[in-house]
Amino acid sequence: MALGDVGAAGIAIAAALTVLGTGLATAWAEKVIGAASVGAIAEKPELFGRVLPLVVIPETIVVFGLVIAFLLLGKIT
Amino acid sequence: MLRPAPMARALIVGPRDALEPVVTTLYDLKLLHIVDHAAGQEDLEIGKPLPAATEASEILVKLRSIANVLQVEEPKGSVPLEPLAADLRQKILALELNISEEDTNRKKVQSLLQDLGHKIEGLTPFAQLPLTFEDYRGYENVEVLAGKAPREITGMDTVTPDVEVFSVPGFLVAFVPKTKATAMRDFLGQQGFTSVPIPEGHGHPRELLAESLAERERWEKRLTEIDEGLTTLRERYSTFLANAKVHLEIQVEKAEAPLRFAVTEHTFIVEGWVPQETFTRMKADLEKIQDVFVSELESAEGHGKPKHDQPQAEPPVLLTNPKSVKPFEMLVNMFGTPSYHEIDPTLVFSLAFPMFFGIMVGDAGYGLLWMAYGIWLLRRWKNRPWDFWKNLLVAFVWGGFWATVFGVFVFAEAFGVPFHAPVGALTPVEAYNWSDNILHLSIPVYPILEKLHQVPDFIILSVSVAALHLGSGFIIGVFDDIRHSIKHALGKVGWLLILVAVYVVIIVRAARWPLVDGTIPWGYAIWNGPLAWFPRGGIAMDSVGFTAANPIPMTAIYLLVAGIGLVLVAEGGLHLMEVFGLLANVISYARLAGIGVAEEAVIFALNGIAIEFFILPGSIVGIIIGLVIMAASNLLIFLLSTISGTIQGVRLNYVEFFLKFYKGTGTLFRPFGERRKSEV
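All of these numbers come straight from a predicted model, not from anything done at the bench.

Turning to the interface of chain A and chain B, a few remarks are in order. Tallying the contact residues gives 17 residues for chain A and 20 residues for chain B. With both chains or domains summed, chain A and chain B bury close to 1600 Å², and 74% of this area falls on carbon and sulfur atoms. For the pair chain A and chain B, the interface holds one salt bridge. Two residues, E59 of chain A and R591 of chain B, come together in a salt bridge whose shortest N-O distance is 3.9 Å. Where chain A touches chain B, the interface holds five residue pairs in polar contact (both at pLDDT 80 or more). Of all the secondary structure elements, the ones that give two or more residues to the side of chain A that touches chain B are helix 2 (48-56) and helix 3 (59-74) of chain A. Class assignment of the residues belonging to the side of chain A that touches chain B gives a composition of 11 nonpolar, four polar and two charged.

As a further point, take the sheet that holds strand 5 (residues 164-168) of chain B. Residues and elements named next belong to chain B. An order of 5-6-4-7 is seen for the four strands of this open sheet, with the pairing classed as antiparallel. The strands lining the two open edges of the sheet, one partner per strand, are strand 5 and strand 7 (194-195). The pairing of strand 4 (residues 142-148) with strand 7 spans two bridges and is antiparallel. Of the residues in strand 7, the one forming a bridge with G147 is S195. Strands strand 4 and strand 6 (171-177) of the sheet are contacted by helix 4 (residues 181-190), whose axis makes an angle of about 15° with strand 4.

With respect to the secondary-structure elements, S464 of chain B resides in helix 13 (residues 455-482). With 250 residues separating them along the chain, S464 of chain B and A214 of chain B place their C-alpha atoms 81 Å apart.

Together, I620, V621, I624, I625 and V628 of chain B make up a nonpolar patch on the protein surface, roughly 480 Å² of accessible area in all. Inspection of the secondary structure puts I620 of chain B in helix 19 (residues 620-661).

Residue and element names in this part refer to chain B. Within the secondary structure layout, E235 lies in helix 5 (residues 205-256). With a relative accessible area of 62%, E235 lands in the exposed category. In sequence terms E235 and V72 are 163 residues apart; their C-alpha atoms lie 9.1 Å from each other.

Residue and element names in this part refer to chain B. Across chain B, the average pLDDT comes to 86, with 94% of residues at 70 or higher. This stretch, residues 301-311, has a pLDDT under 50; its non-local contacts, to residues over four places away or in other chains, come to 10 contacts. Predicted as a complex, the structure gets a pTM of 0.77 and an ipTM equal to 0.82.

Residues and elements named next belong to chain B. As paired elements, strand 5 and strand 6 share five bridges and run antiparallel to each other. Its bridge partner lying in strand 6, V168 is registered against F171. Counting the residues in the hairpin turn of strand 5 and strand 6 gives two residues, including G170, whose phi is positive at 85°.

Criteria and cut-off values
Residues numbered from 1 in each chain as written. Chains lettered and ligands numbered in written order. Predicted model: local features only at pLDDT ≥ 70, side-chain atom pairs only at ≥ 80, totals over all residues. Heavy atoms only, no water. Contact = heavy atoms within 4.5 Å. Buried area = accessible area lost by both parts, 1.4 Å probe. Salt bridge = Lys/Arg side-chain N within 4 Å of Asp/Glu carboxyl O. Polar contact = N/O pair within 3.5 Å; in protein donor to acceptor, adjacent residues only side chain to side chain. Helix = DSSP H or I, 4+ residues; strand = E, 2+ residues; numbered from the N terminus. Nonpolar A, V, L, I, M, F, W, Y, C, P; charged D, E, K, R; others polar. Pairing = 2+ DSSP bridges. Axes fitted to C-alpha atoms, helices over the stretch in contact; angles between N-to-C directions. Patch = residues over 30% accessible without salt bridge, like charges linked within 9 Å, V, L, I, M, F, W, Y side chains within 5 Å. Areas by Shrake-Rupley, 256 points an atom, 1.4 Å probe, with all protein chains shown as cover. Buried < 20%, exposed > 50% of the residue type's maximum accessible area, 1.4 Å probe, protein only. pLDDT = per-residue confidence, 0-100.

Structure, rendered in structure tokens:
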């Protein structure tokens, strides 16, 4: 399927929006979890190991965004 | 290596007279993980501390207070235990008396100095005025207003012309008639004036100030003397104190051990776990003491599966990994200690974590840097105990090793500069490389994956890593579960089948990703290489990209159905939701590619700025600026990639890998007599 310049631009913008949206979502989610985790660690420092993965869990969202963005960019060429 | 050391449950019985020698022997053996006896359990009470306990704890308290005053720090590493004088108690008591006196003196002098400080502060402004103390007092109709004035105050004569003012910058004394005093105070207050009390005294304040200053000097000298005395004491006694502390803590721990035993009127009973292979040694040593009997209650290995009605029968876990794998136990324990009945995942972790780190960092320069720095630091830390940082450092050295391997053979780059000019490089800056521009000889290694140009391939590499990693997790899960429930093991087999199906479908779809610069995409290479055995032919779905040439393989669909069937039978319908979770887990590994590409992109841009300086026919100054920029930006990316490589590497293991099979509910084997760093 041949894409015009306009179509290609549309896809590029869509890819950018995907990364933007997922990035914001990750940041917001990590903010909430991070604040709660620091509170928990202050009470019980040995919880660090349990809490660290919880904090980075939302990072998966932005990874999904990255994958989708590359799938979209693949359509341009 | 994959299993914790087998444990035997030991029961030690003896007469009460034998209590002390048994405790001493157990402490020296460091073999028994005591199971605490709860008071009243089986109608047996807990023991009383040995008589030495009270005295030892009393001295220990005194010693800690001395250590606190002298600010003796806990020595790093192990204390060389010197033989202590027999009159330990006398020595500590004498020292305490001496030091508490000095300490009281010091506190007294300190508070005196504080008072003097306030007095001097109050006197200083008055000393600058040409008035004696007598001038401020004894008026019937005049009020004296003295205080701080942050800025110069004018116009006081508008309140009353009968005002006499003495002032130095920042300070002011006004003599006003009593009738006008309130008005004057209000006026001054508006100008930011705050009044201060007039000090007591006779003569000129200057004399009193000089006197106070001299006094302060005297007391300061005294304080220095006291501090010097305490420093001398600290230097002389710090080793003794550290030694005595360890000694006393051991004594207290020994003396309080009976609190963990069960006793009757004439006998005592100790229960605990001991590594199977050392049971005979412990038994022989203990039975040298008269009338003491040791018997093996049960061998934990013998009863095979955990009995859920006896949770206290779970033995402690002594991990038995070889020295090279041992440092990774710390990272596994941070998630949870393996339970006695499951496979210890440390070995897989010790391979997977550094490899993930290596893929994400993916640069020969940073890899070599970590290896060199890590090995140098480990040599320096020879005598340091195996704490968090030392264990982590070993993990970094291994990570550096894999980063070098991937950096050389897969990505072919060092410090963000490629070995050869990338395909399709347009400008000299983009084409800048080790072979042509720096070394002037052709490095015989070419990249098989260029991070910035083959992102889809990088993602496929990550997904393949995911399949291997998660697959090994499910396989470990099968072996864990098969010991106590065939049904649960079948569930894990079902998940393994689903994983294979999902992976194959992703690879088939990726096999026809657009070709970049004429290279063969990795999906295509894997599908026709390592996965060539997989049966072809299936359903084409054009709308989502599975063309007639690349249909979804029927076998993958069968595997998926079979896997779902097994999960349905073994774990129930609710768990089927997890299929999407598994898919998300697989894609989650794309972070390996994401971080690799992101860091490469940043260092490529920063290096580009530096390279401009090298390429332009410029002065030596330009080259120096370029080198500085390059060093700074490489340091930045080196640190950033280490941080994200560590966190994401740990996360992939904790969240994606461990949650598939690992319980981590064990307790670590802590034999009686093993000293941990005490908290003061």
